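Fold and geometry: a report
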Amino acid sequence: MSYLVVGISHRSAAIDVLERVALDAGAATKLALTVNNSPAVAETAVLATCNRTEVYGSVDRFHAGMDEITAILSDITGVPLIDLAEHLYVHFEEGAVAHLFQVAVGLDSMVVGESQILGQVKETLRVGQDLETVGSDLNALFQHALRVGKRARTETGIDSAGRSVVSAGLEAVGGFENRRALIVGAGSMASLAAQTLANGGARSVTVANRNYDRAVVLAERIGGTAIRLDDVPKALHDADLVVSCTGARGVVLTEEMIRDASDGRPLGVLDVALPRDVAPEVARIPGVALVTLADLARTAGGSEDDIDEVRRIVGEESGSFEATRRAASVAPTVVALRAMASGLVDSELARLERRLPGLDEHERHEVERTIRRVVDKVLHNPTVRVKELGGDPGGPTYADALRQLFALDQAAVDAVTAAKTPGETSNTRADAGAAGGEQA
């Protein structure tokens, strides 16, 4: 099986295109299950955040896997394939591995080095495990990505400023110290915004949500006030900073609503929802500063030295992961070879017993031990050397040569591959050390 990634992100498409393919939790689940049931895809994980939708698959055929994933993505999002195709990117095998590692360390984020994406990768793995669309192949890949992400954050200062889409956005609207903030939404992004505002010196924080109970829970956590979504127009009159991050499919804050509330006074509006919550016409209102995900796509975090070091770590870890995979691909051939040799020894010992029935137990034991020692010594060097070479780029070629030289049955090798469970299995839960996410 091979790794395949089909995705769309802020790097390949404008925000208005990303809005059309944005997935809520239900749609992401449907996508994962549908792709996983397609003929060419054995395992699936869907990474859906505020600025990316990516499908990771373990496939047996590249073109068939890519065609099936793109067709299903088009069907579930409702975006015609002809419109979607020009914005999609595809990574295969080593490219897929390196891409996920780059995502996990924050190099591919809208705000480079942002601190939330590692938690989103962890959540993607957990959901895939719960849905049983993630098996041993993708589990091993995502577990390694989590370790790479944590290593990058431990060994470099890539996220030393603790930057996220929210914190970058709040800076862009002029900061939040001593400002009266209104948060519309109560998901993970809203929670991050609320915590940032409460810890950073906002004068007050009010939380509005369609589900009032969720607004109450979030408000109580940060010492704020909860209101119902219907009360937002009135609350806007008392706010000088608004953060909107709901999962709604249409406009939540209209131009009329904001114009009426601002009345010419300064008002910062941060829209980090996808699809957008705030009508784009709001940007034309005098005194209102509107910042959207499209604006934040031009920001960056982390120093150049840190970014270069993280790139080095990603390259090193990608090479290490691939070497481990190549070595693991050689192991079934070695096991099949030794199994064949053991079978030949058993057969010859049985024949010897028929020809020399007078051997006593001690003599039979000595003969068997001698034969097995000879076979082990003959096989020792080639099998050890093949394992050593297995991690090299040409490693699998040595396994092919071994199969040819010893006339190994390919079915026997495949049986070993099917029976083994390399690395972590799908029962290994997502690493609990990462938290947060780009978008709920």
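Further up the page is the structure itself.
Here we summarise the structure given alongside this text. Here the structure is a predicted model, which means the values were calculated and not measured.

Cut-off values and rules
Residues numbered from 1 in each chain as written. Predicted model: local features only at pLDDT ≥ 70, side-chain atom pairs only at ≥ 80, totals over all residues. Heavy atoms only, no water. Pairing = 2+ DSSP bridges. Helix = DSSP H or I, 4+ residues; strand = E, 2+ residues; numbered from the N terminus. Axes fitted to C-alpha atoms, helices over the stretch in contact; angles between N-to-C directions. Contact = heavy atoms within 4.5 Å. Salt bridge = Lys/Arg side-chain N within 4 Å of Asp/Glu carboxyl O. Buried < 20%, exposed > 50% of the residue type's maximum accessible area, 1.4 Å probe, protein only. Core = buried A, V, L, I, M, F, W, Y, C linked by side-chain atoms within 4.5 Å.

Next up on the list: the sheet that holds strand β6 (residues 204-209). The six strands are arranged β7-β6-β5-β8-β9-β10 in an open sheet whose pairing can be described as parallel. Two strands in the sheet have a free side with no partner beyond their single neighbour: β7 (225-228) and β10 (288-292). Ignoring strand direction, the axes of neighbouring strands in this sheet form an average angle of 20 degrees. Pairing analysis gives four bridges linking β6 to β7, with the strands arranged parallel. The residue of β7 that forms the bridge with Val-207 is Ala-226. Here helix α8 (residues 165-172) sits on the sheet and contacts β8 (241-244), β9 (267-271) and β10; the angle it forms with β9, its principal contact strand, is near 155 degrees.

Okay, the pattern of salt bridges next. Counted according to the given criterion, the structure contains 21 salt bridges. A salt bridge links Glu-348 to Arg-351; the nearest nitrogen and oxygen atoms lie 3.0 Å apart. Taken together, the positions of Glu-348 and Arg-351, both in helix α14 (residues 304-355) and three residues apart, correspond to about one turn of that helix. Residue classification places Arg-351 among the partly exposed residues on the basis of a relative accessible area of 36%. Among the charged side chains, a salt-bridge network with shared partners connects Arg-151, Glu-155, Glu-309, Arg-312, Glu-316 and Glu-317.

Turning our attention to the environment of Arg-214. For Arg-214, the position within the fold is in helix α10 (residues 212-222). The class of Arg-214 is partly exposed, set by a relative accessible area of 45%. In this structure the C-alpha to C-alpha distance between Arg-214 and Gly-185, which are 29 residues apart in sequence, comes to 9.0 Å. Among residues more than four places away in sequence, those in contact with Arg-214 are Ala-186, Gly-187 and Asn-209.

The next point concerns the nonpolar core. Counting 63 residues, the largest nonpolar core has Leu-31, Leu-197, Val-272, Leu-293 and Leu-296 as the members making the most contacts within it. The element contributing the most residues to this core is helix α9 (residues 188-199), with six residues. If sequence neighbours within four positions are ignored, Leu-296 has contacts with Met-110, Val-165, Ala-168, Gly-169, Leu-270, Val-272 and Val-291.

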